[in-house]
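Commentary on secondary and tertiary structure
As a plain string of letters, each chain reads:
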Protein chains: 2
Amino acid sequence: MSVTFAEGFSAAGVNAAISSNTSKSDLALVVNEGPLDAAAGVFTSNRFCAAPVQWSREAVADGHIKAVVLNSGGANACTGEPGLKQSEATAVHAAEVLGIGDCLEASDIAVCSTGLIGELLPLDNVLSGIDKACEALSDDVDAGMEAATAIMTTDTKPKTVKLEGSGYRIGGMVKGSGMIAPQLATMLCVITTDAVVDAAQLKTVLAAATEQSFDRIDVDGCMSTNDTVLLLASGASGVTPKPQEFSALVHQACASLARQIIGDGEGSSHDIKVSVSGAETEGAALACARAVAGSNLLKCAISGNDPNWGRIVSSLGTVPVDVAAYDAREVTVDINGVRVCEHGGAGADRSEVKMDDREVNIDIDLNQGRQTATVWTDDLTGEYVHINADYES
Amino acid sequence: MSVTFAEGFSAAGVNAAISSNTSKSDLALVVNEGPLDAAAGVFTSNRFCAAPVQWSREAVADGHIKAVVLNSGGANACTGEPGLKQSEATAVHAAEVLGIGDCLEASDIAVCSTGLIGELLPLDNVLSGIDKACEALSDDVDAGMEAATAIMTTDTKPKTVKLEGSGYRIGGMVKGSGMIAPQLATMLCVITTDAVVDAAQLKTVLAAATEQSFDRIDVDGCMSTNDTVLLLASGASGVTPKPQEFSALVHQACASLARQIIGDGEGSSHDIKVSVSGAETEGAALACARAVAGSNLLKCAISGNDPNWGRIVSSLGTVPVDVAAYDAREVTVDINGVRVCEHGGAGADRSEVKMDDREVNIDIDLNQGRQTATVWTDDLTGEYVHINADYES
């Protein structure tokens, strides 16, 4: 379903022989058939950002994108001028092939890549893959799913979302499983809508939504070179949405896709929700939540079903006073509803905590103010190490 | 050898039945027999710092420490007022037992604990352990080694150092294997010297030495609640050292002990030295080195013998411009002497890198200035996860 759930979008996912896994589809195409072509994007802040990120950031700057070419099997990052030329050639070719009878320019095409850093793509395969994807383009359910599958790398399942607004729809797909950190997870994401919305509104809504979703998940604390989130509007429903409803739905779409990334974190056996309340500011709550969610030791303990609150407070204790004011003697920690830490010391016995479910809820109350923040992460398992020790070596 | 290498120090390590591992010695005593009792300490900056840290920080504030009681088997952290009373009772008892015929006060005794957070110690066992250790006190080689063994937790071997100055000696011991992060590693360390040095000099020298050693190792990015480094001077050699030589030797002792912690990092199969050169400031070099050393993905790759430079530059790319100025297109990366990344892109083929040795050298040149910094870390293995998933659960 995914991106084709919204009217005015067609998609395809094909095997273009880009990935070393020869049996896997590895090129996706998403086309906005209009009538509108409004678009907004959010990109990694990594200073070694990939060629496709540089290309797409430029392409979306004018608020218009007609199609997106996405590939797995290679990140085209740290590939210098030749890499930039590959992203450009990809866009030029897609514009040519899609633009028959239409006037399409390369700058209307966004390009996204994911995979190993530091190697160029097999460009001929990418270009012939675009031809193949153009032939397969369809606005049906399966086509959206095939696109979502083609962008997977270590993901174990496609991740999609569909939401109904008042007379309009939102669809989306995302890939991401490892190299997932705050400040945009390592991921490619395309969200589509048939609502009538202009680029300025898309930009505002997308920035706010990613800040509350993709910016608050953390699989392994590693920021990628290729993160891209695109929001495309076709206007095909003819409906101009109420701004508040539209914003809420885009938030919901991003939150759902972010949650799915955590649910599929590399090698993970638990999803961990770290909620901090009682902070003086949201920033303070967020800093505390991030510190806890980033603890390897805590994540190992959770993988062993050990509700080790000592590793929660010792992480909390690394947050500087000027970032988050709190008194260690007033902090409480609940794990799955059991108050294991009270007044900064031992509370209920940790054996009372049930750890059978995949989801683990860690609720920290700083007892200092009224602000809150939540960050999601995964536990750390031997399988995570295995996946990342053997990835392309 | 360890702390008893310097004249004027006696030590002991005994089994006081504090640790759940009943066959392991778990209480160490180090006594400064004088004539001097000058001392300095550096402690964790964690806001949930343990009771013994609070006690010892106070005790060393006047520049005098006559003995140190150290235990493994329990951190006495996040234990509130009862925990503080335990540290005090430990010091009071040690002062009584050691002070027969002498006038010793509890405030002359430092206390260090390591182990699980959030539980009180079996105080009776600690106190009777002190009696036992007093009887076993000796200034011979074995006694120092027994003390170094008694403070081990997940450490697989005792870690000690001995250095000869011009007419004086320095000895030391440290424990630490997991929960090792910058800003002081999770560790207990006692360094002794028979040089004639006052507390002010010890303080200056120790602060500078820890900043260049224990502050620059990172096993898992997790800061502890119990970190303590103590430097004690007995003056027994009668020799007043040249300040520069003494400072250099204390630096060397700290560097050696820090290096041994990395060599024994939980579950590790490689020691990784991340050196950054060509930075405009030392702070910039250090921030870059820390960012790379903290990457779980890189550490997994190294454990799989994969010289994955993409994970080095993607970590480097997370350092903000205002922290470290550099141009991504001018960065080079050498792994074990092979330039795998040039001008921010691919250099020599990664297959040329030999990864057989335990030590892996990563040399990053920002090509921006003349400042350098080095951080040591370990690789991340399934065994690390195993150790920390099962620790006390």
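What you see is a predicted model, and the numbers here were worked out from it, not measured in a lab.

How each quantity is defined
- Residues numbered from 1 in each chain as written.
- Chains lettered and ligands numbered in written order.
- Predicted model: local features only at pLDDT ≥ 70, side-chain atom pairs only at ≥ 80, totals over all residues.
- Heavy atoms only, no water.
- Helix = DSSP H or I, 4+ residues; strand = E, 2+ residues; numbered from the N terminus.
- Rg over C-alpha atoms; globule rule 2.2 N^0.38 Å.
- Buried < 20%, exposed > 50% of the residue type's maximum accessible area, 1.4 Å probe, protein only.
- Areas by Shrake-Rupley, 256 points an atom, 1.4 Å probe, with all protein chains shown as cover.
- Pairing = 2+ DSSP bridges.
- Least-squares fit on C-alpha atoms with pLDDT ≥ 70 in both.
- Contact = heavy atoms within 4.5 Å.
- Expected span 1.5 Å × (residues − 1).
- Buried area = accessible area lost by both parts, 1.4 Å probe.
- Salt bridge = Lys/Arg side-chain N within 4 Å of Asp/Glu carboxyl O.
- Polar contact = N/O pair within 3.5 Å; in protein donor to acceptor, adjacent residues only side chain to side chain.
- Core = buried A, V, L, I, M, F, W, Y, C linked by side-chain atoms within 4.5 Å.
- Axes fitted to C-alpha atoms, helices over the stretch in contact; angles between N-to-C directions.
- Parallel < 35°, antiparallel > 145°, perpendicular 65-115°, else oblique.
- Left-handed = near helix turned anticlockwise from the far one by under 90°.
- Nonpolar A, V, L, I, M, F, W, Y, C, P; charged D, E, K, R; others polar.
- Patch = residues over 30% accessible without salt bridge, like charges linked within 9 Å, V, L, I, M, F, W, Y side chains within 5 Å.
- Lys, Arg positive; Asp, Glu negative; His and termini not counted.
- Charge placed at Lys NZ, Arg CZ, Asp CG, Glu CD.
- pLDDT = per-residue confidence, 0-100.
- Phe/Tyr/Trp six-rings, centres within 6.5 Å; stacked < 30°, edge-to-face > 60°.
- Lys NZ or Arg CZ within 6 Å of the ring centre and 35° of its normal.

1. Remarks on the overall build of chain A
Helix and strand content of chain A: 10 helices and 16 strands. Taking 2.2 N^0.38 as the reference for a compact globule, 393 residues should give roughly 21 Å; the C-alpha atoms of chain A span a radius of gyration of 22 Å, in line with that estimate. Each principal axis of the C-alpha atoms in chain A carries an extent, and together these give about 70 × 50 × 35 Å. Burial statistics for chain A: of 393 residues in total, 61% are counted as buried. Split by element, the accessible area of chain A, about 13600 Å² in all, is 49% carbon and sulfur.

2. Focus: the sheet that holds strand 13 (residues 338–342) of chain B
Residue and element names in this part refer to chain B. In spatial order, the strands read 9-16-11-15-12-13-14; together these seven strands make up an open sheet with mixed pairing. What marks the edges here is a single partner per strand, and that holds for strand 9 (217–218) and strand 14 (345–346). Bridge count for strand 12 (residues 332–335) against strand 15 (residues 359–365) is four bridges, and the pairing is antiparallel. Residue Asp334 lies in a different strand from strand 15, and its bridge partner there is Asp363.

3. A few points about the relation of the copies chain A and chain B
Two copies of one chain are present, and they are related through a rotation about an axis combined with an axial shift. For the pair chain A and chain B, the relating rotation is 180°, the translation along its axis is 0.0 Å, and the fit reaches an RMSD of 0.0 Å. Such a turn and shift between the copies fits a two-fold axis. Within chain A, Gly382(A) has its C-alpha nearest the rotation axis, a separation of 2.1 Å. Interface residue correspondence from chain A to chain B reaches 100%, placing this contact among same-surface, isologous pairings.

4. So, helix 2 (residues 80–98) of chain A
Residue and element names in this part refer to chain A. With 19 residues, helix 2 should reach 27 Å at 1.5 Å per residue; the first-to-last C-alpha distance of 28 Å fits that figure. The complete set of buried residues in helix 2 reads Gly83, Gln86, Ser87, Thr90, Ala91, His93, Ala94, Ala95 and Leu98. Against strand 2 (27–32), helix 1 (51–59), strand 4 (67–71), strand 5 (109–113) and helix 3 (123–136) lie the buried residues of helix 2.

5. Some points on the interface of chain A and chain B
Across the contact, 52 residues belong to chain A and 52 residues belong to chain B. Contact with chain B buries surface across chain A, with Arg47(A), Phe48(A) and Leu297(A) losing the most and accounting together for 20% of the total. The interface formed by chain A and chain B contains zero salt bridges. Inspection of the region where chain A meets chain B yields 15 residue pairs in polar contact (both at pLDDT 80 or more). Secondary structure elements with two or more residues in the side of chain A that touches chain B: helix 8 (296–303), helix 9 (309–316), strand 14 (345–346) and helix 10 (382–390) of chain A. Among the elements that line the side of chain A that touches chain B, the one with the most residues is helix 9 of chain A, at six residues.

6. Things to note about the nonpolar core
Considering soluble globular proteins, one finds that nonpolar side chains tend to be buried as a cluster. One finds Val68(A), Leu70(A), Val333(B) and Ile364(B) to be the most contacted residues of the largest nonpolar core, which totals 91 residues. It is helix 7 (residues 282–293) of chain B that provides the largest number of residues to this core, a total of seven residues. Beyond its immediate chain neighbours, meaning those up to four positions away, Val68(A) contacts Ala28(A), Leu29(A), Val30(A), Ala110(A), Cys112(A), Val190(A), Leu230(A) and Leu232(A). Ranked by size, the runner-up nonpolar core spans 90 residues in total, among them Val14(B), Ala28(B), Ala67(B) and Cys78(B).

7. Some details on the pattern of salt bridges
Taken as a whole and judged by the stated rule, the model has 24 salt bridges over all chains. Taking the shortest distance from any N to any O, the salt bridge between Lys159(A) and Asp264(A) comes out at 2.7 Å. One end of the pair, Lys159(A), is in strand 6 (residues 159–164); the other, Asp264(A), is in the loop between helix 6 (243–263) and strand 11 (271–279), and 105 residues separate them in sequence. Asp264(A) matches Lys159(A) in its accessibility class, with the two residues each being buried. Its salt-bridge partner being Glu164(B), residue Arg169(B) comes within 3.5 Å of it at the nearest N-O pair. Members of the salt-bridge network, linked through shared partners, are Arg259(A), Asp271(A), Arg358(A) and Glu359(A).

8. Brief notes about the packing of helix 2 (residues 80–98) of chain B against helix 3 (residues 123–136) of chain B
Residue and element names in this part refer to chain B. The N-to-C vectors of helix 2 and helix 3 enclose an angle of 25°; their axes lie 10 Å apart at closest approach. By the angle between their axes, helix 2 is roughly parallel relative to helix 3. Of the two elements, helix 2 crosses helix 3, and the hand of that crossing is right-handed. Facing helix 2, whose interface residues are Gln86, Ala89, Thr90, His93, Ala94, Val97 and Leu98, helix 3 presents Leu123, Val126, Leu127, Ile130, Asp131 and Cys134. Class assignment of the residues belonging to the contact of helix 2 with helix 3 gives a composition of nine nonpolar, three polar and one charged.

9. A closer look at the sheet that holds strand 13 (residues 338–342) of chain A
Residue and element names in this part refer to chain A. Spatial ordering of the open sheet is given by 9-16-11-15-12-13-14, a layout of seven strands whose pairing is mixed. The open sheet has two free edges, formed respectively by strand 9 (217–218) and strand 14, since each of these has just one partner strand. Sheet topology note: the strand 9/strand 16 (residues 371–378) ladder contains two bridges and is parallel. Pairing of Ile217 across the sheet is with Trp376, part of strand 16. Contacting strand 9, strand 11, strand 15 (359–365) and strand 16, helix 6 runs over the sheet at an angle of about 40° to strand 16. Where helix 9 meets the sheet, its contacts fall on strand 12 (332–335), strand 13, strand 14 and strand 15, and the angle it forms with strand 12 comes to roughly 135°.

10. Observations regarding a negative patch on the surface
Residues and elements named next belong to chain A. On the surface, a cluster of negative charge is made up of Glu7, Glu33, Asp139, Asp140, Asp142 and Glu146. If you trace the backbone, Asp139 turns up in the loop between helix 3 and helix 4 (141–150). Classification of Asp139 by relative accessible area gives exposed; the value is 56%.

11. Describing the confidence of the model for chain A
When pLDDT is averaged along chain A, the result is 91, and 95% of the positions lie at 70 or above. Per the prediction output, this complex has pTM 0.83; the corresponding ipTM is 0.81.

12. Topic: the packing of aromatic side chains
Using the criterion set out here, one finds four aromatic pairs over all chains in the structure. Ring geometry for Tyr168(B) against Phe246(B): centres 6.1 Å apart, planes inclined by 55°, an arrangement best described as tilted. In this pair, Tyr168(B) is assigned in the loop between strand 6 (159–164) and strand 7 (169–175) and Phe246(B) in helix 6 (residues 243–263), connecting sequence segments 78 residues apart. The buried category is assigned to Tyr168(B), whose relative accessible area is 1%. Positioned above the aromatic ring of Phe5(A), the side-chain terminus of Arg169(A) is 4.1 Å from the ring centre.

13. What about the environment of Val14(A)?
Residues and elements named next belong to chain A. With respect to the helices and strands, Val14 occurs in strand 1 (residues 9–14). By relative accessible area, which is 7% here, Val14 ends up buried. In this view, Val14 contacts Ser25, Asp26, Leu27, Gly129, Lys132, Ala133, Ala136 and Ala150; residues no more than four positions away in its chain are not counted.

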